[in-house]
Amino acid sequence: MRVLIIEDEHKIARALQKALQQETYAVDVAYDGDDGYAMATTEPYDVAIIDRMLPGGYDGVDIVKAMREARIHTPVLFLSALDSPAQKTAGLDAGADDYLAKPFALAELLARVRALLRRPTEQQPDILTVGDLSLNTVTFEVFRANKPISLTSKEFALLEYLLRNQGRPLSKETIISHVWDYDADILPNTVEVYVKYLRSKIDAPFDSPLIHTVRGFGYKLEA
Ligand code: CA
């Protein structure tokens, strides 16, 4: 899953980026309102974490309003020292999904990001499943037919994205834009290579494949 951070305090932005990357997310950072606005309205993110007080008189609230007006429904978490009930209300009314006051605990922020990525119907929200395969987004454990499977962080990120979109054909370009960050120079054939690695671990040792090739387009995960 791909996350956008808009935060002008470099120290906080870098700490967040590192923590989110450790959770296997692809992470882009914008350090000011202009870059943040441009990235939030043009790149497909799965979650955006937005600071409110940004340089140049920007309020993160304006970025969220612009996103919602453009019908971009990416879940947004505000991160702000503006933490009065009225300020929080203004942020949520602008279209944000959650609001965390600074200073914050990293573990709480990560839990809230996981919550924003959840579909409302999921029974066990931290465990994603397809057929006899399960992936735990908190412990990073993957099992198929009760056997543990060891994945690299990129393989894990790819599998998580496929699981969150199971049953849907996904183009290679779509997969790239949600699993790799902006700075990664990824070609469609890199996706093929990673899918091959993943298949060798989650499909090859078992009877029925879960990853299906959609010819001339991309892939679909389905039991
Ligand atoms: Ca700030």
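Residues numbered from 1 in each chain as written. Predicted model: local features only at pLDDT ≥ 70, side-chain atom pairs only at ≥ 80, totals over all residues. Heavy atoms only, no water.

Engineer: With reference to specific residues and values, describe the overall build of the protein chain.
Structural biologist: Secondary structure assignment for the protein chain yields eight helices and 14 strands. Here the C-alpha radius of gyration of the protein chain, 18 Å, is about what a compact globule of 223 residues would show, namely 17 Å. In the protein chain, which comprises 223 residues, the proportion classed as buried is 48%. For the protein chain, the share of sequence-separated contacts (at least 6 apart) that also reach a separation of at least 24 residues comes to 58%. Of the accessible surface of the protein chain, which amounts to about 10,900 Å², a share of 51% is contributed by carbon and sulfur atoms. (Helix = DSSP H or I, 4+ residues; strand = E, 2+ residues; numbered from the N terminus. Rg over C-alpha atoms; globule rule 2.2 N^0.38 Å. Buried < 20%, exposed > 50% of the residue type's maximum accessible area, 1.4 Å probe, protein only. Contact = heavy atoms within 4.5 Å. Areas by Shrake-Rupley, 256 points an atom, 1.4 Å probe, with all protein chains shown as cover.)

Engineer: Go over unusual backbone geometry with me, naming the residues and quoting the values.
Structural biologist: Peptide bonds are mostly trans, and most non-glycine residues show a negative phi. For the bond running from Lys102 to Pro103, omega is -5°, close enough to zero to count as cis. Along the chain, Pro103 turns up in the loop between strand E7 (98-101) and helix H5 (106-117). Of note, the phi angle at Arg71 is positive, near 60°, even though the residue is not glycine. Following the sequence through the fold, Arg71 ends up in the loop between helix H3 (60-69) and strand E6 (76-80).

Engineer: Describe the coordination of the calcium ion, and please don't skip the residues or the numbers.
Structural biologist: Ligation of the calcium ion by protein atoms is provided by Asp8 (OD), Asp51 (OD) and Met53 (O), these donors lying 2.2 to 2.3 Å from the ion. Sequence spacing of the donors to the calcium ion: D-x42-D-x1-M. Of this pair, Asp8 sits in the loop between strand E1 (2-6) and helix H1 (10-22) while Asp51 is found in strand E3 (residues 47-51), placing the two residues 43 residues apart along the sequence. Judged by relative accessible area, Asp8 falls into the partly exposed class, the value being 25%. (Donors = N, O, S within 2.8 Å, 3.2 Å for Na, K, Ca; no water.)

Engineer: Tell me about the packing of helix H2 (residues 33-42) against H3, residues and numbers included.
Structural biologist: To characterise two packed helices, one gives the angle between the axes of the helices and the distance between these axes. It is at 10 Å that the axes of H2 and H3 come closest, and there the two elements cross at 20°. Here H2 lies roughly parallel to H3, going by the angle between them. In terms of crossing hand, the pair formed by H2 and H3 is right-handed. Residues Gly33, Tyr37, Ala40 and Thr41 of H2 form the contact with H3, whose participating residues are Ile63, Ala66 and Met67. (Axes fitted to C-alpha atoms, helices over the stretch in contact; angles between N-to-C directions. Parallel < 35°, antiparallel > 145°, perpendicular 65-115°, else oblique. Left-handed = near helix turned anticlockwise from the far one by under 90°.)

Engineer: Give me the lowdown on the side chain of Thr137, citing residues and values where you can.
Structural biologist: Secondary-structure assignment places Thr137 in the loop between strand E9 (133-136) and strand E10 (142-144). With a relative accessible area of 6%, Thr137 lands in the buried category. In contact with Thr137, other than residues within four places in its own chain, are Glu23, Arg114, Asp126, Leu128, Phe156, Glu160 and Arg164.

Engineer: Requested: an account of the domain arrangement of the protein chain, with residues and values cited.
Structural biologist: Segmentation of the protein chain into domains returns domain 1 (2-117) and domain 2 (127-221). Centre-to-centre separation of domain 1 and domain 2, based on C-alpha positions: 27 Å. Counting from both sides, the interface comprises 14 residues of domain 1 and, opposite them, 16 residues of domain 2. Counting each side, the surface lost to burial between domain 1 and domain 2 is near 1,200 Å², with a carbon and sulfur contribution of 51%. When residues of domain 1 are sorted by the area they lose upon contact with domain 2, Arg2, Thr24 and Arg114 head the list and together hold 40% of the total. Counting across the interface, domain 1 meets domain 2 through five residue pairs in polar contact (both at pLDDT 80 or more). Put simply, the parts of the chain that give the side of domain 1 that touches domain 2 at least two residues each are H1, strand E2 (26-30) and H5. Of all the elements, E2 adds the most residues to the side of domain 1 that touches domain 2, at three residues. The class makeup of the residues in the side of domain 1 that touches domain 2 is five nonpolar, three polar and six charged. (Domains from an automatic or database assignment. Buried area = accessible area lost by both parts, 1.4 Å probe. Polar contact = N/O pair within 3.5 Å; in protein donor to acceptor, adjacent residues only side chain to side chain. Nonpolar A, V, L, I, M, F, W, Y, C, P; charged D, E, K, R; others polar.)

Engineer: Can you explain the pairing of E7? Please cite residues and give values.
Structural biologist: Of the two faces of E7, the one carrying Asp98 and Leu100 and the one carrying Tyr99 and Ala101 are both buried. Inspection of the sheet shows E6 paired to E7 by four bridges, in the parallel sense. From the neighbouring strand, Leu77 faces E7, where its bridge partner is Asp98. Read from E6 through helix H4 (residues 85-93) to E7, the crossover connection turns out right-handed. (Pairing = 2+ DSSP bridges. Right-handed = clockwise from strand over helix to strand, strands pointing away.)

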